[in-house]
Amino acid sequence: MREVAETGRYCDGHGLYLDVRPSGSRSWVQRIVIRGRRREMGLGGFPLVSLDEARGQAFANRKVARTGGDPLAGRDGVRRARAAPTFAAAAERVWRQMRPAWRNRKYRREWLTGLARYAFPHIGAMRVSEVTSADLVEMLGPVWHARPTTARRLRQRVAAIMDWAVAMEYRPDNPCERIEPVLGRQQHLVEHMRALPHGQVAGAVRAVRASGARRVVKLAFEFMVLTAARSGEVREAPWPEIDPAGGVWTVPAGRMKGKREHRVPLCRRALAILDLARALPKRAHLVFPTARGRPLKDMALSGLLKDLGIAAVPHGFRSSFRDWASEETDHPREVVEAALAHVVRNPVEAAYARSDLFERRRKLMDDWGDYLGRR
């Protein structure tokens, strides 16, 4: 074999050739038909790969091709893995691809922020094809039991990125599937939103009214409490959704968590708040806008409560409303659930829940407004 020095290709049989280059380098090449298509495969250089080794590999390749397989598939996978983006770059691509489906703006912002804080320092610079389950165990270990909610969210996001990498053929598996037995079971504690007893809600409303906060923030807060609505539904509410003559606020399906239109009956005090909102300077398309005509930030309400020492979060006032309705009134459960725009989970019950019980909910919301006004 060492005597072959002239430039050219020398056939050994069965598609195996020794390719001699003008530079004097020699390498093995196999011509083979794979799934009806003629291909060439490099089998390595001589003398690093001997004649016997080249013949053995060529024979193995022919057997794979003859049964309909592709002996090049493994090599293509290796080349693709080497071209894979870093984990940080892959995370950005997944975020851009998935964010149009996320309704919650805060979640859209925080999805990458959590990865940047906890994951990128450990695996951000690694190719997504090279991240192992051991890397993920090391990354998640410090927060797995100390901050279980954060750890679960982080694992879910990493798993989504790894699923994308598998789909893009940058790697064959998702390493997230093997880490939980190593990290151990978490204590699944139910984390409730901080809420006030319903008897203290009126006092919180008075404290907000008397505070030095911006008038638009105070009005938005009280309107949220009176309607038992979610913070985002109130902060982003535009005037066209309001029908003052009919005393109803109609939130379209696209702005609702349950993706169903929700009509909210407005009590007297809620209508009075809307009158005050119309008198605000720099009126905008929104009911409760900032000075620049944009929606109030989530922190505008939660920060106000924190500054006033009120031990609740904005969402917690929905719980206060629900407790009041259960403990202090005879309104049926289905009316209360409809007022909170909760989706009926039971398929049989949902089949019969065709009415939004609007007139019965109007009486409920009037009673809630009167309750807060009396205390």
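Each value, and the rule that gives it
Residues numbered from 1 in each chain as written. Predicted model: local features only at pLDDT ≥ 70, side-chain atom pairs only at ≥ 80, totals over all residues. Heavy atoms only, no water. pLDDT = per-residue confidence, 0-100. Contact = heavy atoms within 4.5 Å. Axes fitted to C-alpha atoms, helices over the stretch in contact; angles between N-to-C directions. Helix = DSSP H or I, 4+ residues; strand = E, 2+ residues; numbered from the N terminus. Parallel < 35°, antiparallel > 145°, perpendicular 65-115°, else oblique. Left-handed = near helix turned anticlockwise from the far one by under 90°. Nonpolar A, V, L, I, M, F, W, Y, C, P; charged D, E, K, R; others polar. Expected span 1.5 Å × (residues − 1). Buried < 20%, exposed > 50% of the residue type's maximum accessible area, 1.4 Å probe, protein only. Arc of directions from axis to C-beta.

Enquirer: Just to check I follow, could you spell out the confidence of the model for the protein for this structure?
Expert: Note that predicted coordinates carrying low pLDDT should not be read in detail. Of the residues in the protein, 89% have a pLDDT of 70 or more, and the chain-wide mean is 85. Considering only residues more than four positions removed or in separate chains, one finds that residues 348–352, a stretch of pLDDT under 50, has three contacts.

Enquirer: Can you help me understand the packing of helix α10 (residues 215–227) against helix α12 (residues 268–278) in this one?
Expert: For any two helices packed against each other, one specifies the inter-axial angle together with the distance between the axes. Look at α10 against α12: their axes get within 10 Å of each other, and the N-to-C directions meet at 160 degrees. In terms of orientation, α10 lies roughly antiparallel with respect to α12. Both α10 and α12 take part in a crossing whose hand is left-handed. Residues Arg 215, Leu 219, Glu 222, Phe 223 and Leu 226 of α10 form the contact with α12, whose own contacting residues are Arg 269, Ala 270, Ile 273, Leu 274, Leu 276 and Ala 277. Its residues placed into classes, the contact of α10 with α12 shows eight nonpolar, no polar and three charged.

Enquirer: I keep staring at helix α6 (residues 133–144) and nothing clicks. Help me out?
Expert: Compared with an ideal rise of 1.5 Å per residue, which puts twelve residues at 16 Å, α6 spans 15 Å between its outermost C-alpha atoms and falls more than 12% short. Residues Leu 136, Met 139, Leu 140, Val 143 and Trp 144 constitute the buried set of α6. Angular distribution of buried residues about the axis of α6 spans 130 degrees; they occupy a single face of the element. Projecting away from the buried face of α6 at angles above 90 degrees are the exposed residues Ala 134, Glu 138 and Pro 142. As for α6, its buried residues are in contact with α4 (105–118), α5 (120–123), α7 (148–167) and α8 (180–183).

Enquirer: I tried to follow unusual backbone geometry on my own but got confused; where do I start?
Expert: Leave glycine aside and you will find that most residues have negative phi; peptide bonds, for their part, are mostly trans. Positive phi values are uncommon outside glycine, yet Ala 228 reaches one of about 55 degrees. Its place among the elements puts Ala 228 in the loop between α10 and α11 (231–235). Note on Ala 228: relative accessible area 2%, which makes it buried. Non-glycine residue Lys 259 carries a positive phi angle of around 60 degrees. Structurally, the position occupied by Lys 259 is in the loop between β6 (248–251) and β7 (262–265).

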